[in-house]
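# Architecture at a glance
Chain residues, written in single-letter form:
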Amino acid sequence: MMQPAGPPAAAKENEFCAILDFGAQYAQLIARRVRESRVYSEILPSSVPASALRARKLRGIILSGGPCGVYEDRAPAFDPQIFRLGVPVLGICYGMQLGCQVLGGDVQPAKAREYGPTSLEIEAKGDPLFEGIGDRLQVWMSHGDSVVRIGERFRVLARTQNTPLAVVRSEEGAFYGLQFHPEVSHTRDDGKLIRNFLYKVCGFSGDWRIEDYVAGAVQEIRARTKGARVVCALSGGVDSSVVALLVHRAIGDRLTCIFIDNGLLRRGERGQVRALFESRFHLDFRCVDAGDRFLEALAGVEDPEEKRKRIGRRFIEEFRAVAEEIPGAHFLAQGTLYPDVIESVAAHGGPTATIKSHHNVGGLPAELGFELIEPLRLLFKDEVRRLGKSLGLPEEVIARQPFPGPGLAVRILGPVTRERLELLRSADAIIQEEVRQWSDYARIWQSFGVLLPIRTVGVQGDQRTYDNVLALRVVDSTDGMTADWIYLPHEMLRRISSRIVNEVPGINRVVLDISSKPPSTIEWE
């Protein structure tokens, strides 16, 4: 059984809401909604024992949804002793069904499944869970099973046309069950149900502030390193930048930041990172110009996975060469975030419960024998951005769009050459310049071009051309797990296309990618 690692020092004093995960696709979203309500939460395996939770400043528990039926032989369960911890429990979808079953109810396949928006009729309007919510509420359903019988000491609080037991509560208020998903934006309550559970039912005070995280994290880093040196693989993105400043605040000159210029960066990126961390923040900054060696490693490679592997191996070699010149370096600081941890751990502590390698440092700890420092490992991206603001990072870094670890190599379909890199780099500079002028620029999660492995006929200056095609990709997302394409204003699309084909010799056609994730991914490779 996998045991929770416990909170970082920065969160040990906060009131705590435990989210037990049964394999839900929305578990991360539940945790984010709780954090957004100024309540500290963590996602834990459903098998976590009640005794481990008792040691925390626990005020409430949420049971997530999941893909199984509670009546299946190998369906994930939880320690029923959590009902004896003296804190309210909220069950969502599968969590409701399992909680009701444990407390004497019965669950069966539904006669009429419900998927999508559904109208909820609220019967117990005086219940604290529904404070500020009217008689009816549009909710989001996604279930094929239903609770058909509840225990003797239960009340029905709300129903839908197909689900008579849509919201239930034990008489003493220790357990609430919701058959729908209050964590998704399709449930039109503006987050009131989760906030009401936290504040009106559980009695949280709202003591979680990401700004308070700094002091505890600094204390933890100092205690852990004990005078040793720390190296940080700095990419210039928001995650590694926040890690660098946080560690520097803790240990000062004992931090060395290593920036590997792999030749696959966007235009001017190396100079911007150097100016920020070397000149403005005065960090020990080591820059390695390794572009030629990365290009040699990529020569003739078309397969995207092989590209990533070769880039990862080359990165390790370059990093090792610098790290070996730093005496007393025992720790590696990296920007692993909570989604990285969650996605790599089995929902209920199964055999696949291993942490994946961070894509920007490709296995460095195992290769070089460093001990890891991951001060952001229990934070979400929006929390990291707020943390960066409190540390003094400029807005252009805080709001920086995510950039793949392998850089432009995975935005060039087919072989990566110096010439094709320069084509894409020039087109990308135009895209970034134009979208930054848009009044809704903050809405964009990522905007970039993809150089396709095809050529098309064109006419430029009354002459026939046979040149490259660029795909324009602009998406809106919250955390990268799902994304929708953004249709930029017609005039902006016209300018981007016109500038690229006129200012970048070698590209004569621009096409627009209008795919969402899922089924597509954000990046093409």
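This write-up is about the structure you can find in this document.

Reading the values: rules and limits
- Residues numbered from 1 in each chain as written.
- Predicted model: local features only at pLDDT ≥ 70, side-chain atom pairs only at ≥ 80, totals over all residues.
- Heavy atoms only, no water.
- Helix = DSSP H or I, 4+ residues; strand = E, 2+ residues; numbered from the N terminus.
- Rg over C-alpha atoms; globule rule 2.2 N^0.38 Å.
- Buried < 20%, exposed > 50% of the residue type's maximum accessible area, 1.4 Å probe, protein only.
- Contact = heavy atoms within 4.5 Å.
- Lys, Arg positive; Asp, Glu negative; His and termini not counted.
- Charge placed at Lys NZ, Arg CZ, Asp CG, Glu CD.
- Core = buried A, V, L, I, M, F, W, Y, C linked by side-chain atoms within 4.5 Å.
- Phe/Tyr/Trp six-rings, centres within 6.5 Å; stacked < 30°, edge-to-face > 60°.
- Patch = residues over 30% accessible without salt bridge, like charges linked within 9 Å, V, L, I, M, F, W, Y side chains within 5 Å.
- Areas by Shrake-Rupley, 256 points an atom, 1.4 Å probe, with all protein chains shown as cover.
- Salt bridge = Lys/Arg side-chain N within 4 Å of Asp/Glu carboxyl O.
- Polar contact = N/O pair within 3.5 Å; in protein donor to acceptor, adjacent residues only side chain to side chain.
- Pairing = 2+ DSSP bridges.
- Axes fitted to C-alpha atoms, helices over the stretch in contact; angles between N-to-C directions.

## Some thoughts on the overall build of the chain
- Tallying secondary structure elements over the chain gives 15 helices and 18 strands in all.
- For 525 residues, the compact-globule estimate of 2.2 N^0.38 gives 24 Å, and the C-alpha radius of gyration of the chain, at 26 Å, lies within 12% of that figure.
- Judged by the C-alpha coordinates and their principal axes, the chain covers about 80 × 60 × 40 Å.
- The buried share of the chain, taken over its 525 residues, is 56%.
- Within the chain, contacts between residues separated by at least 24 positions form 75% of all contacts whose residues are at least 6 apart in sequence.
- Averaging the positions of the 66 positive and the 68 negative side-chain charges in the chain gives two centres separated by 2 Å.

## Description of the nonpolar core
- Judged by nonpolar contacts, the single largest core of 158 residues is most densely connected at Leu20, Leu53, Ile61, Phe130, Phe277 and Leu387.
- With nine residues, the single largest contributor to this core is helix α6 (residues 238-251).
- If we ignore the near neighbours within four places in the chain, the residues touching phenylalanine 130 are Leu120, Ile122, Ala124, Leu157, Ala158, Val167, Leu193 and Asn196.
- Counting ten residues, the second largest nonpolar core, distinct from the first, contains Val450, Ala471, Ala483 and Ile522.

## Looking at the packing of aromatic side chains
- Enumeration over the complete set of coordinates arrives at twelve aromatic pairs.
- The interplanar angle of 55° and the centroid separation of 4.8 Å between the aromatic rings of tyrosine 40 and tryptophan 208 together place this pair among those described as tilted. One end of the pair, tyrosine 40, is in strand β2 (residues 40-45); the other, tryptophan 208, is in the loop between α4 (192-201) and α5 (213-225), and 168 residues separate them in sequence. Each member of the pair, tyrosine 40 as well as tryptophan 208, is classed as buried.

## Re a nonpolar patch on the surface
- Among the surface-exposed residues, Tyr487, Leu512 and Ile514 lie close enough to one another that they form a single nonpolar patch of about 290 Å² accessible area.
- Tracing the backbone shows isoleucine 514 in the segment after β18 (507-512).

## As for the environment of glutamine 446
- For glutamine 446, the position within the fold is in strand β15 (residues 446-460).
- Glutamine 446 sits in the buried class, given a relative accessible area of 6%.
- Counting along the chain gives 108 residues from glutamine 446 to tyrosine 338, while the straight-line C-alpha distance between them is 20 Å.
- Discounting residues that sit within four places of it in the chain, glutamine 446 has contacts with Gln401, Pro402, Arg411, Arg473, Val474, Val475, Ile522 and Glu523.
- At 3.4 Å, the side chain of glutamine 446 forms a polar contact with the side chain of tryptophan 445.

## Some remarks on the sheet that holds strand β11 (residues 255-261)
- With respect to topology, five strands assemble into an open sheet ordered β12-β11-β10-β13-β14, the strand pairing being parallel. Two strands lie at the open edges of the sheet, namely β12 (284-289) and β14 (371-373), each paired on one side alone. Taken pair by pair, the neighbouring strands of this sheet meet at an average axis angle of 30°, ignoring direction.
- One ladder, built from four bridges, connects strand β10 (residues 229-233) with β11; its direction is parallel. Counted as the bridge partner of valine 230 is leucine 255 from β11.

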